[in-house]
Amino acid sequence: MTETLFTPLKAGAIELKNRIVMAPLTRNRAKNDTPGPLQAEYYAQRAGAGLIVTEGTPISPTAKGYADTPGIWSDDQVRHWQDVTKAVHDKGGRIVTQIWHVGRVSHESLLGGQAPVAPSAIIAQSRTFVGGEFKPTSEPRALEESEIAGILEDYRVAARNAIRAGFDGVEIHAANGYLIDQFLRDTTNRRTDGYGGTIANRVRFLREVVEAVAGEIGADRTGIRISPWSKANDVGLDSDTPALFAAVIDVLNEAGLAFVHVVEGQTGGPRDWPEGGIEALRARFKGVWIANNGYDRDSAIRAVDSGAADAVAFGKLYISNPDLAERLAADLPLNPLPVQGLYGGGAEFYTDYPARAA
Ligand SMILES: Cc1cc2nc3c(=O)[nH]c(=O)nc-3n(C[C@H](O)[C@H](O)[C@H](O)COP(=O)(O)O)c2cc1C
């Protein structure tokens, strides 16, 4: 019997050859905010996945929160991403880019001395990789309402650039305490204008980003990542997470997005959410549901066979196993989880993890 995990899946207009997804993984190896041949090799090595989600890709110079993350705002970046998408497509893979604005999770040294922007001027007790070392995040300033249209335009241009670069679509990064998540939650959003206060107002920024991106490239090529119960980057839990994220799911249903990608529990940590919480959101969503966080072969097979998820994304295991999908399908042993060289550096701990001999 073939487990469903190893069978094809259609997510909007994107055809996955299996339901194993490479999760987005920031690796801080893109000099000058631009991907190069090393990134093309790294992603091509992982083309056995049904879908690759790239590392977080800043939509503008001010959207950036870490050193050496590859952006998607300039023509030069688009040209270089074209080499990456071609390398993946030549090996039969599918790849979307995770479009990203970090909001307050940044350091002024990455922003030409400017303060990071956020819904409200509340500092994150978090750290960011500025190149060679981690530093505490800088104090942000609250966005003026009049600035929001410009950020939506940055999302729209990034989505258009993603298609020009040959991506099969985009994943909007609304997870892990970055800008969209900061707007959603009442812990980080204290605004008194039309983007703060009620759940409807706090969901508005997400809705406008979704409309901008899907309006530009089509909802069938637009996915989104959320992490309802994660406290990543010091984003506190909302006072009513089930109601907030039910409203988020309603927006995604209305837009008809290709997929939603959900980090279950604490990103990279415990799978802890109130009983039935994730399950209720899953039941509410009408499209393709990609689950992530701490999965292994058995739990991924179970999740997809039971219908709890349509596909499963693997993060750390994809760092150390370039041929993870092939190994899972053949039930071969895996390389151990990576411990070194996650952030920064070059080919070491990046493109030198061995695949199993064919
Ligand atoms: C080195 C590293 C970089 C990450 N970068 C991103 C990122 O750019 N965007 C994102 O949404 N999540 C990011 N994550 C979170 C992973 O996508 C994933 O949610 C997490 O590792 C849990 O999945 P796993 O147990 O399969 O590793 C990162 C995780 C790691 C370990």
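Before any of the text, the structure's been laid out above.
Residues numbered from 1 in each chain as written. Predicted model: local features only at pLDDT ≥ 70, side-chain atom pairs only at ≥ 80, totals over all residues.

*Asks:* I keep staring at the site of the ligand and nothing clicks. Help me out?
*Replies:* Neighbouring the ligand are 23 residues, the closest being Ala23, Pro24, Gly56, Gly315 and Lys316. Mapped onto the shell around the ligand, the elements with two or more residues apiece are β4 (51-58) and α9 (316-320). Residues of the shell around the ligand, tallied by class, amount to 9 nonpolar, 11 polar and 3 charged. (Near = placed C-beta within 6 Å. Helix = DSSP H or I, 4+ residues; strand = E, 2+ residues; numbered from the N terminus. Nonpolar A, V, L, I, M, F, W, Y, C, P; charged D, E, K, R; others polar.)

*Asks:* It is not clear to me how the nonpolar core should be interpreted in this structure. Could you clarify?
*Replies:* In summary, soluble globular proteins display a tendency toward joint burial of nonpolar side chains. In this structure, Val21, Ile99, Leu206, Val213, Ile290, Val312 and Phe314 are the most contacted members of the largest nonpolar core, which totals 94 residues. Top contributing element to this core by residue count: helix α5 (residues 199-217), with 9 residues. Here phenylalanine 314 is in contact with Ile20, Met22, Ala23, Tyr295 and Leu324, once residues within four sequence places are set aside. (Core = buried A, V, L, I, M, F, W, Y, C linked by C-beta atoms within 7 Å. Buried ≥ 20, exposed ≤ 12 C-beta atoms within 10 Å, placed from the backbone. Contact = placed C-beta atoms within 7 Å.)

*Asks:* Would you explain the packing of helix α1 (residues 37-45) against helix α2 (residues 75-90) in this entry?
*Replies:* The description of two packed helices rests on the angle between their axes and on the distance between the axes. Contact geometry of α1 with α2 gives a least axis separation of 8 Å together with a crossing angle of 25°. Classed by the angle they form, the pair α1 and α2 counts as roughly parallel. Read as a crossing pair, α1 and α2 show a hand that is right-handed. Residues Gln39, Ala40, Tyr43 and Ala44 of α1 lie in contact with α2, whose contacting residues are Asp83, Val84, Ala87 and Val88. Here the residues of the contact of α1 with α2 sort into 6 nonpolar, 1 polar and 1 charged. (Axes fitted to C-alpha atoms, helices over the stretch in contact; angles between N-to-C directions. Parallel < 35°, antiparallel > 145°, perpendicular 65-115°, else oblique. Left-handed = near helix turned anticlockwise from the far one by under 90°.)

*Asks:* Where do I start with the pairing of β4 in this structure?
*Replies:* Walk down a regular strand and you will see the side chains alternate between the two sheet faces. With 8 of 8 residues buried, β4 lies mostly within the body of the structure. Judged from the 2 bridges that link them, strand β3 (residues 20-22) and β4 form a sheet pairing that is parallel. Considered in β4, the bridge of methionine 22 is made with isoleucine 52. Of the strand pairs in this sheet, β4 and strand β5 (residues 95-100) are connected by 5 bridges, and their pairing is parallel. Bridge pairing in β5 links glycine 56 to glutamine 98. In terms of handedness, the path from β4 via α2 over to β5 forms a crossover that is right-handed. (Pairing = 2+ DSSP bridges. Right-handed = clockwise from strand over helix to strand, strands pointing away.)

*Asks:* So what exactly am I meant to see when it comes to the packing of helix α3 (residues 148-164) against α5 here?
*Replies:* As a packed pair, α3 and α5 sit with axes 9 Å apart at the nearest point and diverge in direction by 35°. Helix-helix and strand crossings are classified by hand; for α3 and α5 the assignment is right-handed. For the pair α3 and α5, contact is made by Ile148, Leu152, Tyr155, Arg156, Ala159, Arg160 and Ile163 and by Phe205, Glu208, Val209, Ala212, Val213, Glu216 and Ile217, respectively. Within the contact of α3 with α5, the residues separate by chemical class into 10 nonpolar, no polar and 4 charged.

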